Amino acid sequence: MLSDSSLRVRLTAIESLAKIRDEAAIPYLIKALDDPDPQIRERITEALGIIYSSMPEVSQPQNVLVFVKTLLSAYLELELLYTLAFVV
């Protein structure tokens, strides 16, 4: 569902995975970060933050902050790559 051609289906899948907070979804969400739609990538980042923050071993505020910074960095790098890919 994360690779469905419909934006609505992908958004619904991401929202569902965030709601169930299952760690098993993390690799699939990370793989889907290469989606060409910036709205999808933003929602994936949010979903990963929700799932990650619900994990007991990383629920300490300092660990969540490190994770969010890492996700933001990855998101910005992907944005730059997409920008460069369409400019060249």
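Residues numbered from 1 in each chain as written. Predicted model: local features only at pLDDT ≥ 70, side-chain atom pairs only at ≥ 80, totals over all residues. Heavy atoms only, no water.

Attention now moves to the overall build of the protein chain. Each helix and strand counted, the protein chain has four helices and zero strands in total. Mapped from its N terminus to its C terminus, the protein chain presents α and β elements in the order α-α-α-α. Burial status across the protein chain gives 33% buried among its 88 residues. Counting contacts in the protein chain only where the partners sit at least 6 residues apart, residues at least 24 apart contribute 55% of the total. As displayed, the protein chain offers around 5800 Å² of accessible surface, 64% of which is attributable to carbon and sulfur atoms. (Helix = DSSP H or I, 4+ residues; strand = E, 2+ residues; numbered from the N terminus. Buried < 20%, exposed > 50% of the residue type's maximum accessible area, 1.4 Å probe, protein only. Contact = heavy atoms within 4.5 Å. Areas by Shrake-Rupley, 256 points an atom, 1.4 Å probe, with all protein chains shown as cover.)

On to the packing of helix H1 (residues 7–20) against helix H3 (residues 38–54). As a packed pair, H1 and H3 sit with axes 9 Å apart at the nearest point and diverge in direction by 10 degrees. Put simply, H1 runs roughly parallel to H3. In this structure, H1 contributes Leu7, Arg10, Leu11, Ile14, Glu15, Leu17 and Ala18 to the contact, and H3 contributes Gln39, Ile40, Arg43, Ile44, Ala47, Ile50 and Ile51. Taken together, the residues of the contact of H1 with H3 break down into ten nonpolar, one polar and three charged. (Axes fitted to C-alpha atoms, helices over the stretch in contact; angles between N-to-C directions. Parallel < 35°, antiparallel > 145°, perpendicular 65-115°, else oblique. Nonpolar A, V, L, I, M, F, W, Y, C, P; charged D, E, K, R; others polar.)

Bringing the pattern of salt bridges into the picture now. The tally for this structure, following the rule as stated, stands at two salt bridges. Across the pair Arg10 and Asp35 runs a salt bridge, and its minimum N-O distance is 2.8 Å. Residue Arg10 is located in helix H1, and its partner Asp35 is located in the loop between helix H2 (26–31) and H3; the two are separated by 25 residues in the primary sequence. This pair shows no difference in class: Arg10 is buried, exactly as Asp35 is. When the shortest N-O distance is used, the salt bridge between Arg43 and Glu15 registers 3.2 Å. Highlighted residues: Arg43 in helix H3 and Glu15 in helix H1, separated in sequence by 28 residues. The exposure class assigned to Glu15 is partly exposed, which follows from its relative accessible area of 33%. (Salt bridge = Lys/Arg side-chain N within 4 Å of Asp/Glu carboxyl O.)

What follows deals with the nonpolar core. Formed by 20 residues in total, the largest nonpolar core has its most connected members in Leu2, Ile14, Leu29, Ile44 and Leu48. Secondary structure elements with two or more residues in this core: H1, H2, H3 and helix H4 (61–87). The leading source of residues in this core is H3, at six residues. With residues near it in sequence (within four places) discarded, Leu48 still touches Ile26, Leu29, Ile30, Leu33, Phe67 and Leu71. (Core = buried A, V, L, I, M, F, W, Y, C linked by side-chain atoms within 4.5 Å.)

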